[in-house]
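Tertiary structure, described
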Amino acid sequence: RRSAARAAVADAERRQHELTDEFEDVVAQLRSAKSDQREYERARADRDVLDKLRRLFPGQVHGRVVDLCRPAHKQYDVAVAVAV
C-alpha cells in the first residue's frame, strides 16, 4: 500500500512539474504575442499619422526623419538613432 501511495505521489509531483512547465511556456508565448500586437499597433499608428500629414501637406512630407536619415558610416547608427 505504501509503495503504491508513494508511486502515486511521485506521479502526481511529476505531472505537476510538467503542467507548471507547460503553463510557463504558454505564459511566455502570450507575453510575446501581446508585445508583437503592441508593436504592430504602434507601427500602424505611425503609418496613419504619416498618411494624414501627406494628405494635409501634399508634396511636402517625404517620410519620417528616422526613415530618411541614414548615417554615412555604420559607426554612427546608434548615435543617430538616439538623436532622432
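Refer to the structure presented above.
These remarks concern the structure in this document. Since the model is a prediction, treat every value here as computed from it, not as a measurement.

Conventions we followed
Residues numbered from 1 in each chain as written. Predicted model: local features only at pLDDT ≥ 70, side-chain atom pairs only at ≥ 80, totals over all residues. Heavy atoms only, no water. Helix = DSSP H or I, 4+ residues; strand = E, 2+ residues; numbered from the N terminus. Areas by Shrake-Rupley, 256 points an atom, 1.4 Å probe, with all protein chains shown as cover. Lys, Arg positive; Asp, Glu negative; His and termini not counted. Charge placed at Lys NZ, Arg CZ, Asp CG, Glu CD. Patch = residues over 30% accessible without salt bridge, like charges linked within 9 Å, V, L, I, M, F, W, Y side chains within 5 Å. Salt bridge = Lys/Arg side-chain N within 4 Å of Asp/Glu carboxyl O. Buried < 20%, exposed > 50% of the residue type's maximum accessible area, 1.4 Å probe, protein only.

A word on the overall build of the chain
Along the backbone of the chain there are three helices and zero strands. The secondary structure elements of the chain, listed N-terminal to C-terminal, are α-α-α. Principal-axis analysis of the C-alpha atoms gives the chain an extent of 85 × 35 × 15 Å. Per element, the accessible surface of the chain, about 7800 Å² overall, is 54% carbon and sulfur. If the 17 positive side-chain charges of the chain are averaged to one point and the 15 negative ones to another, these points end up 3 Å apart.

What to know about a negative patch on the surface
A contiguous patch of negative charge, built from Asp 21, Glu 22, Glu 24 and Asp 25, is present on the exposed surface. When you line up the elements, Glu 24 lands in helix 1 (residues 2–56). Assessed through its relative accessible area of 47%, Glu 24 is described here as partly exposed.

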